[in-house]
There are 2 protein chains.
Amino acid sequence: MDDSAVARTRVGFIGLGRMGLPICRHIMRVGYELTVYNRSPTKAAPLRALGAIVAPTVRYLAEHCDVVLSCLDSVAASEQVFLDEGGVVAGARPGTILIDHSTIGPETARSIGAAARGRGLGFLDAPVSGGPEGAEQGTLTIMAGGEAGVFERALPILGTYGATIVRMGEVGTGSLTKLVNQLLTFVHGAAAAEALGLAERAGLDLRSLGEVLRVSFGQSRMLERSLARVLVGNLEAGAALRLYAKDLGLVADVGERIGASLPLTDAADRVLSEAVAEGLGDRDIAALILHFRPPIEIDRS
Amino acid sequence: MDDSAVARTRVGFIGLGRMGLPICRHIMRVGYELTVYNRSPTKAAPLRALGAIVAPTVRYLAEHCDVVLSCLDSVAASEQVFLDEGGVVAGARPGTILIDHSTIGPETARSIGAAARGRGLGFLDAPVSGGPEGAEQGTLTIMAGGEAGVFERALPILGTYGATIVRMGEVGTGSLTKLVNQLLTFVHGAAAAEALGLAERAGLDLRSLGEVLRVSFGQSRMLERSLARVLVGNLEAGAALRLYAKDLGLVADVGERIGASLPLTDAADRVLSEAVAEGLGDRDIAALILHFRPPIEIDRS
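Everything numeric in this text was worked out from a predicted model, so none of it was measured.

Conventions we followed
- Starting from 1, residues in each chain are numbered consecutively following that chain's sequence as written.
- Chains and ligands are labelled sequentially in the order written, the chains with letters from A and the ligands with numbers from 1.
- Side-chain atom pairs in this predicted model are given and counted only at pLDDT of 80 or more, local residue features only at pLDDT of at least 70, and totals for whole chains, interfaces and linings cover all residues.
- Where side-chain values are given, they derive from all heavy atoms of the structure, hydrogens and water being excluded.
- Only DSSP runs of H or I covering at least 4 residues are called helices, and only runs of E covering at least 2 are called strands; the numbering of each starts at the N terminus.
- The reference for a compact globule is 2.2 Å times residues^0.38; the radius of gyration itself is calculated from the C-alpha atoms.
- Only protein chains enter the area calculation, which uses a 1.4 Å probe; residues under 20% of their type maximum are buried, those over 50% are exposed, and those in between are partly exposed.
- Contacts: residue pairs with any heavy atoms within 4.5 Å of one another.
- Only the protein chains shown count as cover for residues, and all accessible areas are computed by the Shrake-Rupley method using a 1.4 Å probe.
- Any Lys or Arg side-chain nitrogen located within 4 Å of an Asp or Glu carboxyl oxygen qualifies as a salt bridge.
- Residues adjacent in sequence count toward polar contacts only when both atoms are side-chain atoms; beyond that, a polar contact is any pair of N or O atoms within 3.5 Å, and within protein one must be able to donate a hydrogen and the other to accept it.
- Any residue outside Ala, Val, Leu, Ile, Met, Phe, Trp, Tyr, Cys, Pro, Asp, Glu, Lys and Arg is labelled polar, Gly included; the first ten of those are nonpolar and the last four are charged.
- The disulfide criterion used throughout: a pair of cysteine sulfur atoms within 2.5 Å.
- The start and end points of each domain follow an automatic or database-based domain assignment.
- Put simply, buried area is how much 1.4 Å-probe accessible surface two parts lose in total, over both of them, once they are put together.
- Given the number of residues in a helix, its expected span is that number minus one, multiplied by 1.5 Å.
- A residue's pLDDT is the predictor's confidence in that residue, given on a scale from 0 to 100.

### Some thoughts on the overall build of chain A
Now for step 1: For chain A, the helix and strand inventory stands at 15 helices and nine strands.
Now for step 2: In summary, chain A has a C-alpha radius of gyration of 21 Å against a globular reference of 19 Å for 301 residues, a match within 12%.
Now for step 3: Dimensions along the principal axes, computed over C-alpha positions, put chain A at roughly 70 × 45 × 40 Å.
Now for step 4: Expressed as a percentage of the 301 residues in chain A, the buried residues total 58%.
Now for step 5: Here the analysis covers contacts within chain A between residues at least 6 apart in sequence; of these, 67% occur between residues at least 24 apart.
Now for step 6: Accessible surface computed for chain A: about 12000 Å², of which carbon and sulfur atoms make up 51%.

### A short note on the interface of chain A and chain B
Now for step 1: Facing 61 residues of chain A, the contacting portion of chain B comprises 61 residues.
Now for step 2: Across the contact surface, chain A and chain B share zero salt bridges.
Now for step 3: Seen at the junction of chain A and chain B, the total is 23 residue pairs in polar contact (both at pLDDT 80 or more).
Now for step 4: Within the residue set of the side of chain A that touches chain B, elements represented by two or more residues are strand S8 (140–145), strand S9 (162–169), helix H10 (173–201), helix H11 (206–213), helix H12 (221–232), helix H13 (241–258) and helix H14 (263–277) of chain A.
Now for step 5: Its residues assigned to classes, the side of chain A that touches chain B comprises 34 nonpolar, 19 polar and eight charged.

### What to know about the state of the cysteines
All names here are of chain B.
Now for step 1: For the coordinates displayed, the defined rule picks out zero disulfides over all chains.
Now for step 2: The thiol of Cys 71 is not disulfide-bonded; the next cysteine sulfur, from Cys 24, is found 9.5 Å away.
Now for step 3: Given the relative accessible area of 15%, Cys 71 is considered buried.

### Brief notes about the domain arrangement of chain A
Residue and element names in this part refer to chain A.
Now for step 1: Under the domain assignment, chain A is made up of domain 1 (3–170) and domain 2 (177–292).
Now for step 2: One C-alpha centre belongs to domain 1, the other to domain 2, and the line joining them spans 29 Å.
Now for step 3: Summed over both partners, the interface of domain 1 with domain 2 comes to about 1000 Å²; 57% of that surface belongs to carbon and sulfur atoms.
Now for step 4: The interface formed by domain 1 and domain 2 holds three residue pairs in polar contact (both at pLDDT 80 or more) in total.
Now for step 5: Tallying contributions element by element places helix H7 (residues 106–118) first for the side of domain 1 that touches domain 2, with three residues.
Now for step 6: A per-class count over the side of domain 1 that touches domain 2 returns seven nonpolar, four polar and five charged.

### Section: helix H10 (residues 173–201) of chain B
Now for step 1: The end-to-end C-alpha distance of H10(B), which contains 29 residues, comes to 42 Å, matching closely the 42 Å that a straight helix rising 1.5 Å per residue would cover.
Now for step 2: Burial within H10(B) is extensive, with 27 of its 29 residues counted as buried.

### As for the environment of Ser40(B)
Now for step 1: Here Ser40(B) lies in the loop between strand S2 (33–37) and helix H3 (45–49).
Now for step 2: Distance in space between the C-alpha atoms of Ser40(B) and Leu16(B) is 9.0 Å, their sequence separation being 24 residues.

### With respect to the confidence of the model for chain A
Now for step 1: Mean pLDDT for chain A: 95, with 97% of residues reaching 70 or above.
Now for step 2: Both scores are available for the predicted complex, with the pTM at 0.92 and the ipTM at 0.93.

### Digging into the pattern of salt bridges
Now for step 1: Summed over the entire model, instances satisfying the criterion amount to 24 salt bridges over all chains.
Now for step 2: Asp66(B) is the salt-bridge partner of Arg93(B), the closest N and O atoms lying 3.7 Å from each other. Within this pair, whereas Arg93(B) is found in the loop between helix H6 (88–91) and strand S5 (97–100), its partner Asp66(B) is found in the loop between helix H4 (58–63) and strand S4 (67–70), the two being separated by 27 residues in sequence.
Now for step 3: Residue Arg93(B) is classed as partly exposed on the basis of its relative accessible area, which comes to 34%.
Now for step 4: Through salt bridges with shared partners, one network takes in Arg10(A), Asp66(A) and Arg93(A).

### As for the environment of Arg117(A)
All names here are of chain A.
Now for step 1: Along the polypeptide, Arg 117 turns up in helix H7.
Now for step 2: On the accessibility criterion, Arg 117 (57% relative accessible area) is exposed.
Now for step 3: For the pair Arg 117 and Val 89, spaced 28 residues apart in sequence, the C-alpha separation works out to 9.3 Å.

Structural data, given as structure tokens:
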């Protein structure tokens, strides 16, 4: 896509959270005209300062853009933004491309895809991995489901914030891929907490342990991430535990529908429920280690 | 250690299995005089052809070496080789260094360490990660427990087949580190099978999935290893499933002794029991995917 194509393509973005905001900056950086919408409009202020147009409604945004992207935090939000009467599918002109980066599950993705096709719109379900850090750095992994032609037209925009961008197949396969990733991410995160908790109780030096595990078959990216946070005591906001409850629910839905047993996911899910009940829901997944640590004994003498 | 030190140090090795045999080749390659012992003596033939001395008994080997190494496949074998009347501890001259690469658990390691100290011998419990491939390539990870002075004297020999060699602390910490690694290795291996089984049933292309997961938070070394084997259909001998039963038993022992709950390990252990009952015990850990695949329906019409 040459400069004139960038100049001609009007991009819209809905959902300016910890993922959406940095993604928008990358899109604007290369010269796209960007229109944004967020339910709470104060979030749009930093982008308005950079020259973005702030749409008064989702419908206004849909009517005025060639490519509409979104990154929302619940299945209900995606359904509302895309499928409601005042939503993107109803408002977009035929030929517009819609891309949802939210984690919505394959069923919702297919519903939005079918509605979009019915109005002559392209649709990609394109969840991401990499978290807010990956969004800031423009190094997200993007797993997309949808027609090849739609995917190719979207690539120049996705490439402004994605380092690895893979078309997995038809609509729904992006979401399925994300759920498989979430399953592994959370099981590995829970296993890291269990293993580090055991190591702490047994008196092992966690820094030396990390040196060994990094080059052993026990290695995982989540272990490295959690251990780094445990070593500096940073267990606060990050990949908040309560957000995984929604994603693991979507994984369980898929498992049930296709008859797959998920014993590790189920065990990790029970750890999650207990950790949330213990008040860890807003903390990073690395805080799961607190679930495995012995309770602190308070000296009341 | 200069060449004359290599020439002066007589090394002994007990247990010439899929790990021990390639390790011995690396030790001989740099010029150490090597004496070997294996319960079944035919295993020693390839090393004899390279110039190794084949000891008639464990005791003979212990009496004639300055450093005695072992790599055995059960706790009972290590106890017998080191602690029996005709064993290494009874036979070695004071000042000899003993190193056990077997996965034996911290309790057994401390028993051997105490017996060795009582006779003026050094001891390291030094399990390895990397499997037969790592042993062949001389790129093993070695996690060692024991006195710093003993560790430093052992380093020149360990360096002939280890790429990462870490002293974790006193005797027992090498074994504890290995058990934490085994916990993660097996949970990640079971999670990989569960995730790939779900992906297959849902119709995802596993090669594209691997491309995404490799650069996502769901990444793990075991996932990469299992996926590579699943893609080429190589689910046979490798890291045989039944060997994990022993290691997970040692993990459970430690957990029970120090009061650590291990819900992910327990779930993975149940998967292992079921897979072994299904006849997968001698196959690679990647064969766990067969436990999660739908049974093949045989057309009997």
